[in-house]
Amino acid sequence: MDNKPLEGLLVLEFSQFMAGPTAGLRLADLGARVVKIERPGAGEGGRQIAIKNIFVDESSLVFHTINRNKESYATNLKDENDLENIRKLIRQADVMTHNFRPGVMEKIGLDYESVRKINPKMIYATVTGYGNEGPWAKKPGQDLLVQSLSGLSWLSGCAQDGPVPFGLAVVDMYCATHLTQGILAALLKRARTQQGALVEVSLLESVLDMQFEMLTTHVNDGRKLPQRSTVRGAGHAYLSAPYGLYKTLDGYLALAMGNVAHIAETIGLSREPYQDASTWFSRRDEILQEFAKVLCQKTTCEWISRLETEGIWCGVVNDYHRFFEEQGFKESGMLQELTLQDGTQLTTTRSVYQIDGKRLYADKPAPKVGQHTASIVHDYLEN
């Protein structure tokens, strides 16, 4: 696709692991030239962080999913000659990102104030675990640790479960979205002012923003703790019945918000016990159990047909096998094929963006460490 929105922008990615590189992936998909600044030999730390110990083409599978569509420039940031070349790249770049611990970039002279003197138009974007200052500044910024610290793990599951973490790096992904938004906003500001900007996000602030409805409820409700249901399948600590997942004759059914009396009548129960909306939370667990006794008697398809006819929000509960067979998933075109540097075929997701009615596909695989060093030297350092 020609004329992607960020075409012509140069991004220097000093970031490692998940949040920063995921933001870089978004910028690359939108057309920016994203160059990973990596250590010679080992490369960035994320190359060795594997899910299920799956490695492909010498790097972890996770690395390939986050770093497609990028280039790699190998350099030793402890070497003054290499640092001088980095400064030359910085003079010509538009954006740089990093997630080093507080003090690391200051030590090598690549902190924001130093970079701004080299390139006043630079958008300098950083990810920290808990901010640059304060009692947690030096704590490891890792997804599960931030989930656990922030209270997030007490929102899922049911009351008997204890804390339940999310089954994916949800804080990293959310923080990556915040970082991307901040960079794009700073680029708009630069277009008006011709001046760069410092964009700072942290995993802590992102996980708090994720919970804005929960935290707002908590602080305005006498600071009571979230009240998870005692019934398995309940979907939300603060929402009333019928919100949750229910066993059916052949699978599971999801019921979202709705008029409980109307739903009760639709599935064959009397409306009368459910007329008072104020009881839909206070009697939440009882209602969930009462609905469950009925919903297990018919198939998911039968219930969806009956409920949707009445305008009730409901849906099937799929696993990946079933979801991949759904026509809606097939028509989304969310999967794409990459050919890695060693010829291995890898199926992964595409960019979520559509620009001018066209989906953004990018079949450029993640780079080898230093794969593009020579071409970057030619393009930016030899003139």
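All residue numbers refer to position in the chain's written sequence, counted from 1. Local features in a predicted model are, by the rule used here, given only for residues with pLDDT of at least 70; side-chain atom pairs are given and counted only at 80 or more, and totals for whole chains, interfaces and linings are based on all residues. Excluded from the side-chain calculations are hydrogens and water; all other atoms, namely the structure's heavy atoms, are used.

Caption draft 1: How the structure looks around the domain arrangement of the protein chain. Domain delimitation follows an automatic or database domain assignment. Domain parsing of the protein chain yields domain 1 (10-209 + 368-382) and domain 2 (244-317). Computed from C-alpha atoms alone, the centre-to-centre distance between domain 1 and domain 2 is 45 Å.

Caption draft 2: Focus on a nonpolar patch on the surface. Residues qualify for a patch when their relative accessible area is over 30% and they have no salt bridge, like charges being joined within 9 Å and the nonpolar side chains of Val, Leu, Ile, Met, Phe, Trp and Tyr within 5 Å. Calculation of accessible area relied on Shrake-Rupley with a 1.4 Å probe; when residues are assessed, cover is drawn exclusively from the protein chains displayed. Within this document, salt bridges are pairs made up of a side-chain nitrogen of Lys or Arg and a carboxyl oxygen of Asp or Glu, the two lying within 4 Å of each other. Where nonpolar side chains cluster on the molecular surface, the patch consists of Y320, F323, F324 and L335 and spans about 430 Å² of accessible area. No other element matches the three residues that helix 14 (residues 320-325) contributes to the nonpolar patch. Only DSSP runs of H or I with at least four residues qualify as helices, and only runs of E with at least two residues qualify as strands; both kinds are numbered from the N terminus onward. Looking at where F323 falls in the secondary structure, it is placed in helix 14. A simple rule labels every residue: compare its accessible area, found with a 1.4 Å probe on the protein chains alone, to the largest value its type can have, and call it buried under 20%, exposed over 50%, or partly exposed in between. Assessed through its relative accessible area of 36%, F323 is described here as partly exposed.

Caption draft 3: Main features of the nonpolar core. Residues I123, V171, L179 and I183 are the most contacted members of the largest nonpolar core, which totals 36 residues. Going through the elements one at a time, helix 1 (19-29), strand 7 (123-128), helix 7 (170-193), strand 8 (197-202) and helix 8 (203-210) are the ones with two or more residues in this core. A per-element tally of this core places helix 7 first, with seven residues. Aside from chain neighbours lying at most four places away, what touches I123 is D94, V95, M96, I183, A186, L187, R190, G196, A197 and V199. We call a set of buried residues a nonpolar core when its members are Ala, Val, Leu, Ile, Met, Phe, Trp, Tyr or Cys and they connect through side-chain atoms within 4.5 Å of each other. Between two residues, a contact is recorded if the distance between any of their heavy atoms is within 4.5 Å.

Caption draft 4: How the structure looks around the packing of helix 3 (residues 80-92) against helix 16 (residues 373-381). Viewed as axis vectors pointing N to C, helix 3 and helix 16 meet at an angle of 60°, and their least axial separation amounts to 10 Å. It follows from the interaxial angle that helix 3 and helix 16 lie oblique. Between helix 3 and helix 16 lies a crossing whose hand is left-handed. Between helix 3, through N85, K88, L89 and Q92, and helix 16, the contact on the second element is made entirely by I376, Y380 and L381. Under the grouping applied here, Gly and all other residues not named as nonpolar or charged are polar, the nonpolar ones being Ala, Val, Leu, Ile, Met, Phe, Trp, Tyr, Cys and Pro and the charged ones Asp, Glu, Lys and Arg. Taken together, the residues of the contact of helix 3 with helix 16 break down into four nonpolar, two polar and one charged. To get an axis, a line is fitted to the C-alpha atoms, and for a helix only the part in contact is used. The angle between two axes follows their N-to-C directions and goes from 0 to 180 degrees. Convention used here: angles under 35 degrees read as roughly parallel, angles over 145 as roughly antiparallel, angles from 65 to 115 as roughly perpendicular, and any remaining angle as oblique. Left-handed describes a crossing whose near helix is turned anticlockwise from the far helix by less than a right angle; the clockwise case is right-handed.

Caption draft 5: Quick look at helix 13 (residues 300-309). For helix 13, the full list of buried residues reads T300, W303, I304 and L307. Taken end-on, helix 13 shows its buried residues confined to a sector of 100°, consistent with a single buried face. Facing away from the buried surface of helix 13 by more than 90 degrees, the exposed residues are C301 and T309. Buried-residue contacts for helix 13 involve strand 10 (252-255), helix 10 (260-266), helix 12 (284-295) and strand 11 (314-316). Throughout, the arc means that of the directions going from the helix axis to the C-beta atoms.

Caption draft 6: Inspection of the pairing of strand 1 (residues 10-13) at higher detail. A two-sided burial pattern is seen for strand 1, the buried positions comprising L10 and L12 on one face and V11 and E13 on the other. Pairing geometry for strand 1 and strand 2 (residues 33-38), over four bridges, is parallel. Bridging from a neighbouring strand, V11 pairs with V34 of strand 2. Convention used here: a crossover is right-handed provided that the path from the first strand, over the helix, to the second strand proceeds clockwise when the strands point away from the viewer. Traced from strand 1 through helix 1 to strand 2, the parallel crossover comes out right-handed. Across three bridges, strand 1 lies against strand 6 (residues 95-98) in parallel orientation. Each bridged residue has a counterpart across the sheet, and for E13 the counterpart in strand 6 is T97. In this scheme, strands are said to pair when DSSP sees at least two bridges between them.

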